Amino acid sequence: MSVPIKKEKTADVLVIGGGLVGSAVAFGMAECGARVIVLDEGDRAFRAATGNAGLVWYQGKGRGMRRYQEWTLEAIRAWPGFAENLKELTGIDVFYHKPGGLTFCISEAEYESRRDLIDTIRREAAPDDYDCTMLDRKEVQELLPGMKLGDGVVGASYTRQDGHVNPLALLKALHAGLKKCGGFYYSGHTVVDIHRHPDRYAAQTGKDVFTAPKLVIAAGNGTGRLAQIVGMNIPVRPEKGEILVTERIRPCLPLPCNRIRQTTDGSFLIGASQEDAGFDIRTNTRVIKGMAERARTVFPVLGKLKIIRSWAALRVKTPDKMPVYEGSDSAPESFAIALHSGVTLASVHAIELPKWILNRHEPEGFHHFRSRRFDV
Ligand SMILES: Cc1cc2nc3c(=O)[nH]c(=O)nc-3n(C[C@H](O)[C@H](O)[C@H](O)COP(=O)(O)OP(=O)(O)OC[C@H]3O[C@@H](n4cnc5c(N)ncnc54)[C@H](O)[C@@H]3O)c2cc1C
């Protein structure tokens, strides 16, 4: 006869959503000594955390919102210590490497448009603070001695700040770290309703009710609906991204590139696409063909490799594609987080957000991330 597992049902903080965002914040808060419960729909849910490209990426981000560009740089600066800490605590290596990164341009028009973007972000950044540059074809080839560029490559944008990580190991390490620090993760616990009592929130999942004085909603594309219950307007929509995986070969691509990276086990990840397809996560042969052709234009040798797998996953997109960090005005001690780039920002989510949620030390300039910017 199996003995039912006794669940902890009260905590200092309830986190709804155990993807990369919820897990990073939950881990960080548990490390600070808070008693944390994560309620997660689980592996069958729509989950960007298990379908992403694993880039820890700086270049090209933050046009129109300087604070996002700075926040990303803070995340990148925090990554080495964060990865080291996770390894020490859990024994899991997330394989963070920061060799720099490239975004290829395969026509003059793409090159010009990329240069415009990078120049605009540089103008908006603090003086001398934006570390990204355009390289011509020859300069790009010099960075990639083991991979011959295709004739169609015109150039690329480059920064030393970019890197990559194993995103599945990252999620596993965050869950393990949470447990190590005394937190609880419950999979298969879809929150269907939230009730507000004078001194606590109660989240209902099927037959169980979990309570805590603080509530963090980080449920990916489910955040909008749940946040509304506690009076927050968080507009999010899914954006489909498809990825191809090739067979493994010897390491030959020394830098991650925004649509092609070689993982530590030797496979190439190609993608990801950007499609407005609602909650449809079927792969599409037309899209896959387009991605494969582009990859072959950049590196003809990739055309010789077998594709062994493909998948689609849903990004969590806000209207301006920048993060939302919201604290409810009408329901104190409830917070909502919605963003793309949950891999890149995992370090600051674990290190900085606990100060905001637990101690009300809001990171500088955080008001830029509030969702009222959409109320126009
Ligand atoms: C194709 C693709 C490529 C990407 N590449 C990169 C990249 O290279 N670098 C980068 O930084 N980012 C990348 N991302 C984005 C990154 O994966 C996401 O930002 C991150 O995973 C989002 O995490 P999340 O926790 O917000 O959402 P999700 O991973 O979607 O997790 C949401 C969680 O909430 C849970 N949930 C939902 N509703 C409920 C409910 N009612 N009750 C309980 N639990 C609930 C689900 O079970 C799920 O676990 C990529 C995304 C995609 C799709």
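Computed from a prediction, not measured in an experiment: that's the story for all the values here.

K.L.:
Give a description of the packing of helix 2 (residues 66–90) against helix 5 (residues 167–180) that names residues and reports values.
P.N.:
At their nearest, the axes of helix 2 and helix 5 sit 9 Å apart, and the two run at 60° to each other. Considered as vectors, helix 2 and helix 5 are oriented oblique to each other. Taken as a pair, helix 2 and helix 5 cross one another with a handedness that is left-handed. Where helix 2 approaches helix 5, its residues Trp79, Phe82, Leu86, Leu89 and Thr90 are matched on the opposing element by Leu170, Ala173, Leu174, Ala176, Gly177 and Lys180. By residue class, the composition of the contact of helix 2 with helix 5 is 8 nonpolar, 2 polar and 1 charged.

K.L.:
Residue-level account of the sheet that holds strand 15 (residues 268–271), with values.
P.N.:
As summarised here, the arrangement of the 4 strands in space is 14-15-13-16, forming an open sheet in which the pairing is antiparallel. The outermost strands of the open sheet, each flanked by one partner alone, are strand 14 (260–262) and strand 16 (307–317). Across the sheet, the mean angle from the axis of one strand to that of its neighbour is 25°, orientation sign disregarded. For strand 14 and strand 15, the ladder comprises 3 bridges, and the chain directions are antiparallel. Bridge assignment links glutamine 262 to a residue of strand 15, and that residue is phenylalanine 268. Packing against the sheet, helix 7 (residues 285–298) makes contact with strand 13 (237–246), strand 14, strand 15 and strand 16, and its axis sits at approximately 55° to strand 13.

K.L.:
Break down the pattern of salt bridges for me, citing the residues and quoting the values.
P.N.:
Taken as a whole and assessed by the stated rule, the structure comprises 25 salt bridges. A salt bridge links arginine 67 to glutamate 74; the nearest nitrogen and oxygen atoms lie 3.0 Å apart. With a shortest N-O distance of 3.2 Å, lysine 355 and glutamate 352 are connected by a salt bridge.

K.L.:
Any details on the environment of arginine 237? Residues and values, ideally.
P.N.:
Here arginine 237 shows up in strand 13. Here the alpha-carbon distance between arginine 237 and glutamate 139, two residues 98 residues apart in the chain, equals 38 Å. Leaving out residues up to four positions away in the same chain, arginine 237 has contacts with Asn221, Asp276, Arg315, Val316 and Lys317.

K.L.:
Describe a nonpolar patch on the surface, listing the residues and the values that go with them.
P.N.:
Together, Phe46, Phe279 and Ile281 make up an exposed nonpolar region whose accessible area comes to about 290 Å². Here phenylalanine 46 shows up in the loop between strand 2 (36–39) and strand 3 (55–56).

K.L.:
Go over the state of the cysteines, please, and point to the residues and values.
P.N.:
Here, the word disulfide means a covalent bond between the sulfur atoms of two cysteines. Taken as a whole and judged by the stated rule, the model has 0 disulfides. Left without a disulfide partner, cysteine 32 is nearest to the cysteine sulfur of cysteine 181, which lies 9.1 Å away. Taking the relative accessible area as the measure of exposure, cysteine 32 reaches 54% and is therefore exposed.

K.L.:
Break down the pairing of strand 4 (residues 101–105) for me, with residues and values.
P.N.:
Burial runs high along strand 4: 5 of the 5 residues are buried. Residues Gly101, Thr103 and Cys105 point to one face of strand 4 and Leu102 and Phe104 to the other, with burial holding for every one of them. Where strand 4 meets strand 6 (residues 155–159), 5 bridges bridge the pair, whose relative direction is antiparallel. Note on strand 6: the bridge partner recorded for glycine 101 is threonine 159.

K.L.:
Just give me the short version of unusual backbone geometry, but keep the residues and values in it.
P.N.:
Excluding glycine, a negative phi dihedral is what most residues carry, and trans is how most peptide bonds are arranged. The linkage connecting glycine 271 with the following residue, alanine 272, adopts the cis geometry, with an omega of 5°. Along the chain, alanine 272 falls in the loop between strand 15 and helix 7. In this model, lysine 321 sits at a positive phi of 65°, which is unusual for a non-glycine residue. Looking at lysine 321, the relative accessible area reads 48%, which means it is partly exposed. Positive phi, close to 70°, is recorded for serine 341, a residue that is not glycine.

K.L.:
Explain the nonpolar core to me, using residue names and the numbers behind them.
P.N.:
Of all hydrophobic cores here, the largest spans 32 residues; its most connected members are Trp79, Phe82, Leu86, Val94, Tyr96, Leu170 and Leu174. Those elements that place two or more of their residues in this core are helix 1 (20–31), helix 2, helix 3 (108–124), helix 5 and helix 8 (346–351). Counting residues per element, this core draws most heavily on helix 2, at 6 residues. Built from parts of two domains, this core gets at least three residues from each of domain 1 (13–56 + 168–236 + 320–374) and domain 2 (100–161 + 237–317). Among residues more than four places away in sequence, those in contact with tyrosine 96 are Val56, Ile76, Trp79, Pro80, Ala83, His164 and Val165. Ranked by size, the runner-up nonpolar core spans 30 residues in total, among them Val25, Ala30, Phe335 and Phe369.

K.L.:
How would you sum up the sheet that holds strand 6? Please name residues and give values.
P.N.:
The strand order across the open sheet formed by 3 strands is 4-6-5, and the pairing between neighbours is antiparallel. Edge positions in the sheet fall to strand 4 and strand 5 (133–136), since each has one partner strand and no second. Each strand axis lies, on average, 30° off the axis of its neighbour in the sheet, ignoring direction. Where strand 5 and strand 6 come together, 4 bridges link them in antiparallel fashion. Following the sheet pairing, aspartate 136 is matched in strand 6 by glycine 155.

K.L.:
Break down helix 7 for me, with residues and values.
P.N.:
Relative to the 20 Å expected for 14 residues at 1.5 Å per residue, helix 7 spans 20 Å between its end C-alpha atoms, a close match to the ideal helical length. The inward-facing, buried residues of helix 7 contact strand 4, helix 3, strand 13, strand 14, strand 15 and strand 16. Two or three places before arginine 286, at the opening of helix 7, asparagine 284 has a side-chain oxygen 2.8 Å from that residue's backbone nitrogen.

K.L.:
Which residues make up the side chain of aspartate 208, and what are the values?
P.N.:
Residue position: aspartate 208 is located in strand 11 (residues 208–212). What makes aspartate 208 buried here is its relative accessible area of 14%. One polar contact links aspartate 208 to lysine 7, side chain to side chain, over a distance of 2.6 Å. The residues contacting aspartate 208, other than those within four sequence positions of it, are Lys7, Lys9, His189 and Ala203.

Reading guide: rules and limits
Residues numbered from 1 in each chain as written. Predicted model: local features only at pLDDT ≥ 70, side-chain atom pairs only at ≥ 80, totals over all residues. Heavy atoms only, no water. Axes fitted to C-alpha atoms, helices over the stretch in contact; angles between N-to-C directions. Helix = DSSP H or I, 4+ residues; strand = E, 2+ residues; numbered from the N terminus. Parallel < 35°, antiparallel > 145°, perpendicular 65-115°, else oblique. Left-handed = near helix turned anticlockwise from the far one by under 90°. Contact = heavy atoms within 4.5 Å. Nonpolar A, V, L, I, M, F, W, Y, C, P; charged D, E, K, R; others polar. Pairing = 2+ DSSP bridges. Salt bridge = Lys/Arg side-chain N within 4 Å of Asp/Glu carboxyl O. Patch = residues over 30% accessible without salt bridge, like charges linked within 9 Å, V, L, I, M, F, W, Y side chains within 5 Å. Areas by Shrake-Rupley, 256 points an atom, 1.4 Å probe, with all protein chains shown as cover. Disulfide = S-S within 2.5 Å. Buried < 20%, exposed > 50% of the residue type's maximum accessible area, 1.4 Å probe, protein only. Core = buried A, V, L, I, M, F, W, Y, C linked by side-chain atoms within 4.5 Å. Domains from an automatic or database assignment. Expected span 1.5 Å × (residues − 1). Polar contact = N/O pair within 3.5 Å; in protein donor to acceptor, adjacent residues only side chain to side chain.

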